[in-house]
Amino acid sequence: MPAGLSATAVVSASSANLGPGFDSLGLALSLVDEIIVETTDFGLVVTVEGEGAGQVPLGADHLVVRAIQRGLQAGGVTAAGLVVRCRNDIPHSRGLGSSAAAVVSGIAAANGLIAQTDLAPLSESQLIQLSSEFEGHPDNAAAAVLGGPVVSWADNSSGRPEYAAVPLRLHPDIHLFAAIPEERSSTAETRVLLPPQVNHEDARFNLSRTALLVVALTQRPDLLMPATEDVLHQPQRAPAMPASAEYLRLLRRLNIATVLSGAGPSLLALSTEPELPAEAVQYGTANGFMVKKMTAGQGVRWRPGVKVPG
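So, here is what we can say about the structure in this document. Small disclaimer: the values here were computed from a predicted structure and weren't measured.

Next up on the list: the overall build of the protein. On a plain count of helices and strands, the protein comes out with ten helices and eleven strands. Here the C-alpha radius of gyration of the protein, 20 Å, is about what a compact globule of 310 residues would show, namely 19 Å. On the principal axes, the C-alpha backbone points of the protein span a range of 60 × 45 × 35 Å. Residues counted as buried form 51% of the 310 residues belonging to the protein. Across the protein, contacts joining residues at least 24 apart in sequence account for 75% of those joining residues at least 6 apart. For the protein, the exposed area adds up to about 13,500 Å²; of that, 53% sits on carbon and sulfur atoms. Measuring between centres, the 21 positive side-chain charges of the protein sit 2 Å from its 29 negative side-chain charges.

If you trace the four strands from one edge of the open sheet to the other, you get β8-β9-β7-β10, paired in antiparallel fashion. Across the chains shown, the open sheet's two edge strands, defined by having one partner strand only, are β8 (257-260) and β10 (289-294). Neighbour-to-neighbour, the strand axes of this sheet turn through a mean angle of 20 degrees, independent of strand direction. Pairing geometry for β8 and strand β9 (residues 267-271), over four bridges, is antiparallel. Along β9, the bridge assignment pairs Ala257 with Leu270.

Let's shift gears to the side chain of Ser14. Residue position: Ser14 is located in strand β1 (residues 6-16). In this structure the side chain of Ser14 is engaged in a polar contact, spanning 2.7 Å, whose partner is the side chain of Asn140. Among residues more than four places away in sequence, those in contact with Ser14 are Leu27, Ala28, Leu29, Gly95, Leu96, Gly97, Asn140, Ala143 and Ser261.

Of all 16 residues in strand β2 (residues 25-40), twelve are buried, a share of seventy percent or more. Note: β2 against strand β5 (residues 149-155), three bridges, orientation antiparallel. Counted as the bridge partner of Leu27 is Pro149 from β5.

Turning next to the environment of Ser158. Secondary-structure assignment places Ser158 in the loop between β5 and β6 (162-167). You can call Ser158 partly exposed: its relative accessible area is 47%. Linking Ser158 and His175, residues 17 residues apart in sequence, is a C-alpha distance of 40 Å.

Rules of the game
- Residues numbered from 1 in each chain as written.
- Predicted model: local features only at pLDDT ≥ 70, side-chain atom pairs only at ≥ 80, totals over all residues.
- Heavy atoms only, no water.
- Helix = DSSP H or I, 4+ residues; strand = E, 2+ residues; numbered from the N terminus.
- Rg over C-alpha atoms; globule rule 2.2 N^0.38 Å.
- Buried < 20%, exposed > 50% of the residue type's maximum accessible area, 1.4 Å probe, protein only.
- Contact = heavy atoms within 4.5 Å.
- Areas by Shrake-Rupley, 256 points an atom, 1.4 Å probe, with all protein chains shown as cover.
- Lys, Arg positive; Asp, Glu negative; His and termini not counted.
- Charge placed at Lys NZ, Arg CZ, Asp CG, Glu CD.
- Pairing = 2+ DSSP bridges.
- Axes fitted to C-alpha atoms, helices over the stretch in contact; angles between N-to-C directions.
- Polar contact = N/O pair within 3.5 Å; in protein donor to acceptor, adjacent residues only side chain to side chain.

What follows is the structure in structure tokens.
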């Protein structure tokens, strides 16, 4: 691939699980990261503005760089050198899909470079597959690729996980609110809190609630409270994030369908009211949460041939 090619990608944050839909349901949110990539004759330069600046590695082990390289490899091309500029608004390690966004943006930017060659760019299904491989589950990655709410799944029949997803249309009466604490967490740390096996009663409970949640998200927002109940992961993770667990209980007592966003510690509230009650916002602010009203995020946007700042 020649030097001087450039591409950009813009990708949304996401919330996974949405309560009962563990590792299968996801929802893109209206916080975004943007990356700009340029091919050069040699070397690697990585810059980061916003979230993660001064904290993430600036070399070949940077997640965006790894994703770009994976995307180029899948497209059948290589680049001798890269300049990668990251502008991040998605908080890191808060359960808002920052790692999935990094991966999706990197692969999508690689697509913008591939599109400037004689080779066909990667398809939407390939973007979902490649990005989900990084995470090991497709909920955040699929939401970042497709936008809005998604149902995702994995097929292991071939011996290698094959990931896929379909989008849903979010009911227009549903309003979204994220409660983001200063506290950080990691999916790897909270997954070890989950038991390796669950009983049939709990599995049946979550299956019914997950099916109901698809209906609530698309047709019957009045069912959001029962549809967002979960017994498989949120109670188990609660001891590791007591402030989030207590705020979750308060919001649900106020009849606001609230869930742990991914592995936490952020929360996502889904409401048919355009604003949260003052009590809910005041409690969050007093206890270190930034409460932000959001909309459903768009699917990833990539564009070749952008002008690279000097």
